[in-house]
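Structural characterization, general
Residue strings, one per chain:
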Amino acid sequence: MQWTAVVVLAGTAGAVQAQSVNPATLANSGGDGLAACASCHGAQGEGQGAMPRLAGINAAYLRKQLDDLAEGRREHALMSPIAKAMSPETREAMSGYYAATALPASAPPGDAHPGARVAQRGAWDRNVPGCVQCHGPGGRGVGDAFPPIAGQTADYLSAQLEAWKAGRRSNDPIGLMQAAARGLTAEEIRDVSDYFSKLPMEASR
Ligand code: HEC
Ligand code: HEC
């Protein structure tokens, strides 16, 4: 795994942002006033409950989320202050670090799972496309813009779908996710989140 020493610039809001932190050290032990990412995101970035999995997710996508959180386009009481305290260089380094972390795959659920229908075919009577049409076969993600959702925690997936549905998250390009989430029922959100949480995620390049 490759890492570059993070060189630092003074913070924007008066705070001094992270200095020369090795990504693995910041991830596991914290540093420069930042808590260890692992304390919330899990020892290997596998996620737990409402704390999303970071391991194996596309680096450019993680970087966009950290920038959105740091600059207020996406809001979260716990994560926004952390992203704001990271320099742009640290955000870049941590995105690369977690994207390159591979985790063992789990056994996939079958087509009989209650979330399989919405995942694969959507609910066209309510203008909801199948999730895989944008997130790729098996929810593995496509390029930098469509993140993998397979192997993500069910609580985090359902929280994001609820947030888009209610308009609390709105940093998606041209409202694609807001449109997809709006037509889903609470039960479909629960089932489709459980379905993707059980699909194996392949590490992104
Ligand atoms: C106090 C707990 C906590 C700590 C410590 C923490 N995070 Fe987070 N992080 C969260 C939560 C909760 C979310 C989900 C926010 C939401 O639901 O919108 C999140 C979201 C994220 C996301 C967006 C993921 C996605 O798929 O959209 C990234 C990237 C991230 N964190 C990176 C980090 C990094 C890097 C560190 C360490 C420097 C870190 N986090 C430390 C709680 C934490
Ligand atoms: C029309 C395309 C499209 C469809 C259909 C779609 N998505 Fe998305 N989804 C996106 C885009 C684009 C993003 C990235 C948003 C951003 O940049 O913040 C995204 C992001 C997400 C995220 C946030 C991931 C993270 O780590 O932050 C979740 C969860 C998600 N989608 C779940 C779903 C589910 C479940 C379905 C099916 C019901 C679905 N999506 C259907 C385009 C789509």
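Residues numbered from 1 in each chain as written. Chains lettered and ligands numbered in written order. Predicted model: local features only at pLDDT ≥ 70, side-chain atom pairs only at ≥ 80, totals over all residues. Heavy atoms only, no water.

1. Focus on the site of ligand 1
In the vicinity of ligand 1, 20 residues are found, and the nearest of them are C37, C40, H41, R74 and M79. Between ligand 1 and Y156, the relevant distance is 3.0 Å, taken from an oxygen atom to a side-chain nitrogen or oxygen of the residue. Within the contact set of ligand 1, an oxygen atom lies 2.9 Å away from a side-chain nitrogen or oxygen of Q160. Put simply, the parts of the chain that give the shell around ligand 1 at least two residues each are α2 (38-41), α3 (59-70), α4 (79-85) and α8 (154-165). (Near = heavy atom within 4 Å. Polar contact = N/O pair within 3.5 Å; in protein donor to acceptor, adjacent residues only side chain to side chain. Helix = DSSP H or I, 4+ residues; strand = E, 2+ residues; numbered from the N terminus.)

2. Quick word on the confidence of the model for the chain
On average, residues of the chain score 88 in pLDDT, and 89% of them are at 70 or above. Mean pLDDT values over the elements of the chain span from 93, in helix α9 (residues 176-182), up to 98, in α3. (pLDDT = per-residue confidence, 0-100.)

3. Looking at the coordination of the iron atom of ligand 1
Coordination of the iron atom of ligand 1 by the protein is provided by H41 (NE2) and M79 (SD), with metal-donor distances spanning 2.0 to 2.2 Å. What the six donor atoms of the iron atom of ligand 1 show is an angle range of 86 to 178° at the metal, which sorts the shape as octahedral. Remark: M79 occurs in helix α4 and H41 occurs in helix α2; sequence separation between them is 38 residues. Here H41 matches M79 in class, with each residue buried. (Donors = N, O, S within 2.8 Å, 3.2 Å for Na, K, Ca; no water. Tetrahedral: all angles 85-135°; square planar, octahedral: opposite > 155°, others 65-115°. Buried < 20%, exposed > 50% of the residue type's maximum accessible area, 1.4 Å probe, protein only.)

4. Considering the coordination of the iron atom of ligand 2
The protein atoms that coordinate the iron atom of ligand 2 are H135 (NE2) and M177 (SD), at distances of 2.0 to 2.1 Å. Here the iron atom of ligand 2 binds six donor atoms, and the angle range of 83 to 180° at the metal identifies the geometry as octahedral. Pair noted here: H135 is in helix α7 (residues 131-135) and M177 is in helix α9, with a separation of 42 residues, a long-range link. For the residue pair H135 and M177, the accessibility class agrees, reading buried in each case.

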